[in-house]
Amino acid sequence: MTVLVDMKVTLSTAEPRRHAEPTARAIELTHLVFERPDLSRAEAFLRDFGLTVVTRTDDVLLLRGTAPSAYGYRVHRAGKARFVGLGLAVASRDELLRLSRLAGATPIAPATYPGGGEQTVLSDPSGFVVEVLHGRQSAEELPTREPLALNVGKVARRINHGQRPPVVPPAVIRLGHVALEVADYQATARFYTQHLGLVPSDIQVLPDGSPAVAFLRLDRGAQPTDHHTLALVQGLEPRLNHSAYELVDADAVGMGQRVLRERGYQHAWGIGRHILGSQIFDYWSDEHGDKHEHYCDGDLFTADTPPGVSAVSREAMAQWGQPMPSSFTRPSLSLRALLAAARNLRRSPDLSLEKVLTLARLFG
Ligand SMILES: [Fe+2]
């Protein structure tokens, strides 16, 4: 007989936590920045994924969703594929000014891409670039299909009509969140909580109580915000884990899977429903192995919801659907990645051989 013991799980580290007076409070994840050797191939995947091109030059490609945001995805032409970083907006110029005084921050300058405004550019302790914007102008909302009318139990909304969502790439509404793997977990988490005001929604911990995955959200007071805008994953080196984009409903997620499969792309994981954040999800890899998540129906929290702490495991990643494949979290085995991991193991206060082995046992 199996006896289930409900053990209390607690966080044993200082971060992530809520700071009473952060340097600034980010109010929006505005965009992500990538480098790619071939902008045409990048554009083809992202269009098939459901993003809309804003502009493209020989060197820069900008894309957006249907929400009234100027752009949400920026790709620079470069020799090697690389994830560069993210953009966050703050509500006041005072906050931008305070951030621009942090070590390594650039002086406030006009933001030159669509939407404009002013920006300061920071680098987080893991080396990801953080472009903080203030005064960015919104854009016209783009047309999109309405959510399908569902017959739910006793509630019949659709009589004498079939469900026929169009067989096209599902229109991405907006960039939702980004998940980053980092070696220096405590310093990186502190950067986002102390300086950008992110607050933990859920923290999944290892047996020693240190965080394996933390889901951080924006603090927008009484205004509900996504369960997570940034997820930080304990890894062996800094790298993008995935980025996520909101779709209108579950049929859009399903149609996205059909279209991407028919067009020959690499499936990563799904369809399923997450536990923490509750999204119905489906993950697809681009040609460089970077995972892009379609999702709908995510949780929304106001600022007063306290963080949850739970034990991390592969089973804790979804409540239904395909189990999370080990390829999803497997570290890169390139020589460069192995050398970086060995260096970080010696150097990072958040990594030990024991922790690496525990992570490998849980996710390898
Ligand atoms: Fe996600």
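All values derive from a computational prediction rather than experimental measurement. (Residues numbered from 1 in each chain as written. Predicted model: local features only at pLDDT ≥ 70, side-chain atom pairs only at ≥ 80, totals over all residues.)

Caption draft 1: Geometry of the overall build of the protein chain. Tallying secondary structure elements over the protein chain gives six helices and 20 strands in all. In terms of overall size, the protein chain behaves like a compact globule, its C-alpha atoms giving a radius of gyration of 20 Å where 364 residues would be expected to give roughly 21 Å. Along the longest, intermediate and shortest principal axes, the C-alpha atoms of the protein chain span 65 × 60 × 45 Å. The buried share among the 364 residues of the protein chain stands at 41%. Excluding contacts between residues fewer than 6 apart, the proportion of contacts in the protein chain whose partners are at least 24 apart in sequence is 68%. (Helix = DSSP H or I, 4+ residues; strand = E, 2+ residues; numbered from the N terminus. Rg over C-alpha atoms; globule rule 2.2 N^0.38 Å. Buried ≥ 20, exposed ≤ 12 C-beta atoms within 10 Å, placed from the backbone. Contact = placed C-beta atoms within 7 Å.)

Caption draft 2: Quick look at the sheet that holds strand S10 (residues 199–205). Read from one edge to the other, the open sheet built from ten strands follows the order S19-S10-S11-S13-S9-S14-S17-S16-S15-S20, with strand pairing classed as mixed. In this open sheet, the two strands that pair with only one neighbour each are strand S19 (308–311) and strand S20 (318–321). Averaged over all adjacent pairs, the angle separating strand axes in this sheet is 25 degrees, with direction ignored. Here strand S11 (residues 211–217) pairs with strand S13 (residues 230–234) via four bridges, running antiparallel. If you follow Phe 215 over to S13, its bridge partner there is Ala 231. Packed on one face of the sheet, helix H3 (residues 185–195) meets strand S9 (174–182), S10, S11 and S13 and runs near 170 degrees to S13. (Pairing = 2+ DSSP bridges. Axes fitted to C-alpha atoms, helices over the stretch in contact; angles between N-to-C directions.)

Caption draft 3: Representation of the sheet that holds strand S3 (residues 60–64) in the model. Strand order in the open sheet made by the eight strands is S2-S3-S4-S1-S5-S8-S7-S6, with mixed pairing throughout. With partners counted over all chains shown, the strands left at the sheet margins are strand S2 (52–56) and strand S6 (109–110), one partner each. On the sheet, helix H2 (residues 93–100) packs against strand S5 (82–90), strand S7 (118–123) and strand S8 (129–134) and is oriented at approximately 35 degrees with respect to S7.

Caption draft 4: The pairing of S10, seen in detail. Burial analysis of S10 places seven of its seven residues in the buried class, which makes it a mostly covered element. Sheet analysis places S10 next to S19, joined by four bridges and oriented parallel. Paired with Ile 203 across the two strands is Val 309, which belongs to S19.

Caption draft 5: Structural context of the environment of Val 248. Positionally, Val 248 belongs in the loop between strand S14 (239–246) and helix H4 (250–262). Setting aside residues up to four positions removed in sequence, Val 248 forms contacts with Thr 144, Arg 145, Pro 147, Ile 173 and Cys 296.

Caption draft 6: Expanded view of unusual backbone geometry. At the junction of Glu 15 and Pro 16, the peptide bond is cis and its omega measures out at 0 degrees in the coordinates. At the junction of Gly 270 and Ile 271, the peptide bond is cis and its omega measures out at 5 degrees in the coordinates. Along the chain, Ile 271 turns up in strand S15 (residues 266–274). With a phi angle near 65 degrees, Asn 160 is a residue other than glycine that sits in the positive phi range. Relative to the helices and strands, Asn 160 resides in the loop between S8 and S9.

Caption draft 7: View of the pairing of S7. Pairing of S6 with S7 involves two bridges; the strand directions are antiparallel. The residue of S7 that forms the bridge with Pro 110 is Glu 118. Sheet topology note: the S7/S8 ladder contains six bridges and is antiparallel. What sits directly across from Glu 118, in S8, is His 134. Linking S7 to S8, which pair antiparallel, is a turn of five residues; within it Gly 127 sits at a positive phi near 100 degrees.

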